[in-house]
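These are the residues of each chain, in order.
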Amino acid sequence: MIQRKRITLWFNLEKLRPYKEISDLLDALKLQLRKEGYTIIVSALDELVDTTLPEYANRPESSFPPPDRMHCYNAASSFSVTAEKKTISRNIHWKKLRPYK
């Protein structure tokens, strides 16, 4: 019998962080989940912003490194990952299985 365990982890940060910092955190989380036997289904950086815009002038976020990717965002305030772990149970309890009616 194959059992599946699916988890979703979502982190919301109090403040914006540089894109690279959040991306590195997400990569570390995915690596740890893989070590635990999970398969990554989907992962994402959320609430992306571009702190080089005028609205961030004179704010600490304006000093974040400029975007180095084509999406033009250089900061994020949350990230998430959904992962699944499959296990094969060799101890099948036949008495617990009900016949299909």
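Computed from a prediction, not measured in an experiment: that's the story for all the values here.

### Quick look at helix α1 (residues 19-35)
In a regular helix each residue adds 1.5 Å, so 17 residues correspond to 24 Å; α1 covers 24 Å between its end C-alpha atoms and thus fits that length. Those residues of α1 lying buried are Tyr19, Ile22, Ser23, Leu26, Leu29, Lys30 and Leu33. Projected down its long axis, α1 carries its buried residues within an arc of 125°, all on one side. More than 90 degrees from the buried face of α1, the exposed residues found are Lys20 and Lys35. Once α1 finishes, Gly37 follows within two positions and takes phi at roughly 95°, a positive value.

### Details of the nonpolar core
If you look at the biggest cluster of nonpolar residues, it comprises 12 residues: Tyr19, Ile22, Leu26, Leu29, Leu33, Tyr38, Ile40, Leu45, Ala76, Phe79, Val81 and Ala83. Put simply, the parts of the chain that give this core at least two residues each are α1, β2 (39-46) and β3 (75-88). Per-element tally for this core: the top contributor is α1, with 5 residues. Contact partners of Ile22, with chain neighbours within four places excluded, come to Leu13, Arg17, Leu45, Ala76, Ser78 and Phe79.

### Remarks on the side chain of Thr82
The topology assignment puts Thr82 in strand β3. For Thr82, the contacting residues outside a window of four places in its chain are Arg6, Ile7, Thr8, Thr39, Ile40, Ile41 and Val42.

### Remarks on the side chain of Asn74
Positionally, Asn74 belongs in the loop between β2 and β3. A residue is classified by how much of its surface remains accessible, and Asn74, at 2% relative accessible area, is buried. Within the structure, Asn74 has its side chain in polar contact with the backbone nitrogen of Thr51 (distance 2.8 Å). Residue contacts for Asn74: discarding those within four places in its chain leaves Arg17, Pro18, Tyr19, Val49, Asp50, Thr51, Thr52, Phe64, Pro65, Pro66 and Pro67.

### Observations regarding the pattern of salt bridges
Within the structure shown, the criterion is met by 6 salt bridges. When the shortest N-O distance is used, the salt bridge between Arg6 and Glu84 registers 3.1 Å. Here Arg6 is found in strand β1 (residues 2-18), whereas its partner Glu84 is found in strand β3, with 78 residues between them in sequence. Of the residues examined, Glu84 reaches a relative accessible area of 10% and is grouped as buried. Residue Lys20 pairs with Asp24 through a salt bridge whose shortest N-O separation is 3.1 Å. Of the two residues, Lys20 and Asp24 both sit in helix α1, 4 residues apart, roughly one turn of that helix. Taking the relative accessible area as the measure of exposure, Asp24 reaches 37% and is therefore partly exposed. Where salt bridges share partners, they join Arg4, Arg6 and Glu84 into one cluster.

Criteria and cut-off values
- Residues numbered from 1 in each chain as written.
- Predicted model: local features only at pLDDT ≥ 70, side-chain atom pairs only at ≥ 80, totals over all residues.
- Heavy atoms only, no water.
- Helix = DSSP H or I, 4+ residues; strand = E, 2+ residues; numbered from the N terminus.
- Expected span 1.5 Å × (residues − 1).
- Buried < 20%, exposed > 50% of the residue type's maximum accessible area, 1.4 Å probe, protein only.
- Arc of directions from axis to C-beta.
- Core = buried A, V, L, I, M, F, W, Y, C linked by side-chain atoms within 4.5 Å.
- Contact = heavy atoms within 4.5 Å.
- Polar contact = N/O pair within 3.5 Å; in protein donor to acceptor, adjacent residues only side chain to side chain.
- Salt bridge = Lys/Arg side-chain N within 4 Å of Asp/Glu carboxyl O.

On their own, these measurements won't tell you what the molecule is for.
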